Amino acid sequence: MANSPTTVLGEIQQHIEELGLRLQSQKNEIQTLKSEKESLQNQISELKKELHRARLDAEYLSLSHNLASTPEALSEARLLVNDLIRKVDAAIAAVRTDPGNL
């Protein structure tokens, strides 16, 4: 026997309501996932910065260790740095006196 139009309309209405609930649930899940994604992107960004700082620290410590490996190496490094500073100071003085000579 065929269902009455009222019964069919009731079933359709029930399906529409179920689909509406599923749609709302999916929208909520999408919003949650977007928030989680944003949070994870921020964490990744912070971790990249932290990694960069850690690499710089490791490089600095390695350089410091190599420079100070012996008293002679430390003395040579200081002489080299002092020589570089003198050269930079001389170049700055030359530019101040006559920039056209460069």
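Just above sits the structure.
Residues numbered from 1 in each chain as written. Predicted model: local features only at pLDDT ≥ 70, side-chain atom pairs only at ≥ 80, totals over all residues. Heavy atoms only, no water.

Trainee: I'm lost on the overall build of the protein chain in this one. Help?
Mentor: In terms of regular secondary structure, the protein chain is built from two helices and zero strands. For a compact globule of 102 residues, the expected C-alpha radius of gyration is about 13 Å, and the protein chain comes in at 36 Å, more than 25% above that figure. With respect to the three principal axes, the spread of C-alpha positions in the protein chain is 105 × 45 × 15 Å. Residues counted as buried form 1% of the 102 residues belonging to the protein chain. Carbon and sulfur atoms make up 60% of the accessible area of the protein chain, which totals about 9,400 Å². (Helix = DSSP H or I, 4+ residues; strand = E, 2+ residues; numbered from the N terminus. Rg over C-alpha atoms; globule rule 2.2 N^0.38 Å. Buried < 20%, exposed > 50% of the residue type's maximum accessible area, 1.4 Å probe, protein only. Areas by Shrake-Rupley, 256 points an atom, 1.4 Å probe, with all protein chains shown as cover.)

Trainee: Honestly, the pattern of salt bridges in this entry has me stumped. Any pointers?
Mentor: Pairing between side chains becomes possible if they bear opposite charge and their charged atoms approach one another. Inspection of the entire model under this criterion finds three salt bridges. Its salt-bridge partner being lysine 49, residue glutamate 46 comes within 3.8 Å of it at the nearest N-O pair. Of this pair, glutamate 46 and lysine 49 both sit in helix α1 (residues 5-67), three residues apart, roughly one helical turn. With a relative accessible area of 44%, glutamate 46 lands in the partly exposed category. Among the residues examined, lysine 49 registers a relative accessible area of 44% and is labelled partly exposed. Across the pair lysine 87 and aspartate 83 runs a salt bridge, and its minimum N-O distance is 3.5 Å. Linking lysine 87 with aspartate 83, this pair stays in helix α2 (residues 71-97), spanning four residues, or about one helical turn. Given a relative accessible area of 27%, aspartate 83 falls into the partly exposed group. Residues participating in the shared-partner salt-bridge network are Asp83, Arg86 and Lys87. (Salt bridge = Lys/Arg side-chain N within 4 Å of Asp/Glu carboxyl O.)

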